[in-house]
Amino acid sequence: MPRRTMIEAIRDAMDVSMARDERVIVYGEDVGFFGGVFRCTQGLQAKYGKNRCFDAPISESGIVGSAIGMAAYGLRPCVEVQFADYVYPAYDQIVSEAARLRYRSNNDFTCPIVVRMPTGGGIFGGQTHSQSPEALFTHVSGLKTVVPSNPHDAKGLLIAAIEDPDPVIFLEPKRLYNGPFDGHHDKPVTPWSKHALGEVADGHYTIPLGKAAIRRPGSAVTVLAYGTMVYVAEAAAAETGIDAEIIDLRTLLPLDLDTIVASVKKTGRCVVVHEATLTSGFGAELVALVQENCFYHLEAPVTRVAGWDTPYPHAQEWDYFPGPARVGRALVETMEA
C-alpha cells in the first residue's frame, strides 16, 4: 500500500472526489495555479481545468458565501481558507447561512460544502497563524466538525465530508502535514513514510463521520484527544508508564459518545487534551458529557490540559503548546487523586 503525507492524502481525496463527481469544485486563495500555501491542491487545476479548481479573491466571506450559493444550485464546493485564523470574516456566512439552509428552507435546500482550514500551532506561526477555533463551530447546530490526525484518516474523512449533504468544517492540523508530532520540538520528526498510519489506499474509501478510533488500548485512564494532541498523549503515556487508553475523536460533531463512555466506565479516570485555549474550549463539553454519563464510574475528577488563555505567543511557542510534560503531569495527578 502506498504511503503518503497528510498533504498528499488530502490532495488525493479531492482528486478522487473530483474524478467521481463533476459537481465537486475546489477553490480558495492561491488554490489553483499555485496549488495552495501548503500545496494541498497542487496539480488539480492542471488536471481538471480552471472551471473546477481556481483561485479566489482575498475574501473569506466571499469564498464561503459563493460556495453556499453554488451548493444551493447543486454543486459540491470544497473550499480552502488559507489558515483557520482567517475564517472569522466568513463566520457569519458559515453560521447564519450554511448551517441554517436546510432548516430554514424546510429541507428544500441543503448545503453540501466543505470548508478546509489548516489549524493549530507548533510551526512558529505566531498569534495569527496558530489558532485552534474548533469550539466555535461545534457550538453551531447544522455544522459538522472534523479534525483528522493522520493521512489515512484524512483521506477517508475528507471524501466522506465532500459526499455529506450538509456543511462540514474540516480542520487540518498543519503540524501533522509531514509527520506525526509528539511535542518534542527538539527531536527529529518521524516522516509519514515510516509510520503505519501513513499507509493510504489508492482510490475511493470513506471513514464515517462520528466514529472515534482507539489509538492506544489501556485500562488505567482514558485520554480524549484529537489532531496533534493524539501523539502528545501517546508520548506522555509512554514516558510516565501509565496504561492510558487514548481515544482519537476524529469527528467532534457528531461525537462518538458511545466509545468515550465505554472507555471511561472501564478505566474510571479521564484526561482531556486539546491545543485550543482552556476557557470554553471543546474540552469543557467533553468534561460535561463524561460527568453526565459516567459519574458513578469516576474514581477522580476529570482533568483538562489545554492552551493558555492568551493569544498564541511566537517567542514562547513551547510554553503555550501542551507538550508531553504537561500531559504527563495530568496523568500522574489523575492516577494519584
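Residues numbered from 1 in each chain as written. Predicted model: local features only at pLDDT ≥ 70, side-chain atom pairs only at ≥ 80, totals over all residues. Heavy atoms only, no water.

**Q** Quick one: what's the story with the UniProt feature "domain: Transketolase-like pyrimidine-binding" (unreviewed entry) in the protein, residue by residue and with numbers?
**A** Listed under "domain: Transketolase-like pyrimidine-binding" (unreviewed entry) in the UniProt record, and renumbered for this structure, are residues 4-179. This span, residues 4-179, is 36% helix and 16% strand, and a straight line between its end C-alpha atoms measures 10 Å. (UniProt positions renumbered as here; feature names shortened; annotations may be inferred. Helix = DSSP H or I, 4+ residues; strand = E, 2+ residues; numbered from the N terminus.)

**Q** Please give an account of empty space enclosed by the protein that cites residues and values.
**A** A complete count under the given rule lists 1 cavity of 30 Å³ or more for this structure. One number sums up the size of the largest cavity: a volume of about 110 Å³. Of all the secondary-structure elements, those providing two or more residues to the lining of the largest cavity are strand S6 (168-173) and strand S11 (270-277). (1 Å grid on protein atoms, 1.4 Å probe; cavity = no way out; pocket = protein on both sides within 12 Å on 5 of 7 lines; lining within 4 Å. Points joined across faces, edges and corners; volume = space filled by probe spheres on them.)

**Q** Describe helix H7 (residues 151-163), listing the residues and the values that go with them.
**A** Under the 1.5 Å per step criterion, the end-to-end length of H7 is 18 Å for 13 residues, consistent within 8% with the ideal 18 Å. Buried residues dominate H7, accounting for 11 of its 13 residues. Those residues of H7 lying buried are Pro-151, Asp-153, Ala-154, Lys-155, Gly-156, Leu-157, Leu-158, Ile-159, Ala-160, Ala-161 and Ile-162. The opening residue of H7, the one whose side-chain oxygen lies 3.2 Å from the backbone nitrogen of His-152, is Asn-150. (Expected span 1.5 Å × (residues − 1). Buried < 20%, exposed > 50% of the residue type's maximum accessible area, 1.4 Å probe, protein only. Polar contact = N/O pair within 3.5 Å; in protein donor to acceptor, adjacent residues only side chain to side chain.)

**Q** Break down the side chain of Glu-275 for me, citing the residues and quoting the values.
**A** Tracing the backbone shows Glu-275 in strand S11. Although Glu-275 is buried, it forms no salt bridge, and the closest oppositely charged side chain is Lys-174 at an N-O distance of 7.2 Å. A polar contact is formed between the side chain of Glu-275 and the backbone nitrogen of Gly-121, at a distance of 2.6 Å. Of the polar contacts made by the side chain of Glu-275, one reaches the side chain of Tyr-312; its length is 3.2 Å. When near neighbours in sequence (up to four residues on either side) are disregarded, Glu-275 contacts Gly-120, Gly-121, Gly-122, Ser-130, Ser-132, Met-229, Gly-307, Tyr-312, Tyr-320, Phe-321 and Pro-322. (Lys, Arg positive; Asp, Glu negative; His and termini not counted. Salt bridge = Lys/Arg side-chain N within 4 Å of Asp/Glu carboxyl O. Contact = heavy atoms within 4.5 Å.)

**Q** Break down the packing of helix H1 (residues 6-20) against H7 for me, citing the residues and quoting the values.
**A** In contact at an axis separation of 8 Å, H1 and H7 are set at 30° when each is read in the N-to-C sense. Judged by the angle between their axes, H1 and H7 are roughly parallel. Here the hand of the crossing between H1 and H7 comes out right-handed. Of the residues in H7, those in contact with Met-6, Ala-9, Ile-10, Asp-12, Ala-13, Met-14, Val-16, Ser-17 and Arg-20 of H1 are Pro-151, Ala-154, Lys-155, Leu-158, Ile-159, Ile-162 and Glu-163. Classifying every residue of the contact of H1 with H7 by side-chain character gives 11 nonpolar, 1 polar and 4 charged. (Axes fitted to C-alpha atoms, helices over the stretch in contact; angles between N-to-C directions. Parallel < 35°, antiparallel > 145°, perpendicular 65-115°, else oblique. Left-handed = near helix turned anticlockwise from the far one by under 90°. Nonpolar A, V, L, I, M, F, W, Y, C, P; charged D, E, K, R; others polar.)

**Q** So what's going on with the sheet that holds S6? Residues and values would help.
**A** Pairing is mixed across the open sheet formed by 7 strands, whose spatial order is S2-S1-S3-S4-S6-S5-S10. The sheet is open, and its two edges are formed by strand S2 (53-55) and strand S10 (251-253), each paired on a single side. On average, each strand axis in the sheet is tilted by 20° relative to the strand beside it, whichever way the strands run. Judged from the 2 bridges that link them, strand S5 (residues 144-146) and S10 form a sheet pairing that is antiparallel. Bridge pairing in S10 places Val-146 opposite Thr-251. The sheet strands contacting H1 are strand S1 (24-28), S2, strand S3 (76-80), strand S4 (114-119) and S6, and the helix crosses S1 at an angle near 140°. (Pairing = 2+ DSSP bridges.)

**Q** With reference to specific residues and values, describe the packing of aromatic side chains.
**A** When we look at a pair of aromatic rings, we describe it by the centre distance and by the angle of the planes. If you walk through the whole model with that rule in mind, you get 13 aromatic pairs. Within the aromatic cluster, the residues linked to one another by ring pairs are Phe-38, Phe-83, Tyr-86 and Tyr-177. A cation sits over an aromatic face here: Arg-175 above Phe-181, 3.7 Å from the ring centre. Here the basic side chain of Arg-326 rests over the ring of Trp-308, its NZ or CZ set 4.0 Å away from the ring centre. (Phe/Tyr/Trp six-rings, centres within 6.5 Å; stacked < 30°, edge-to-face > 60°. Lys NZ or Arg CZ within 6 Å of the ring centre and 35° of its normal.)

**Q** Before we move on, can you summarise the packing of helix H8 (residues 229-240) against helix H12 (residues 324-336) with the specific residues and values?
**A** It is the contact of H8 with H12, at a shortest axis distance of 8 Å, that shows an interaxial angle of 60°. As summarised for this structure, H8 and H12 are arranged oblique, according to the angle between their axes. The element H8 and its partner H12 pack so that their crossing is right-handed. Of H12, the residues touching H8 (which contributes Val-232, Ala-233, Ala-235, Ala-236, Ala-237, Glu-239 and Thr-240) are Pro-324, Val-327, Gly-328, Leu-331 and Val-332.

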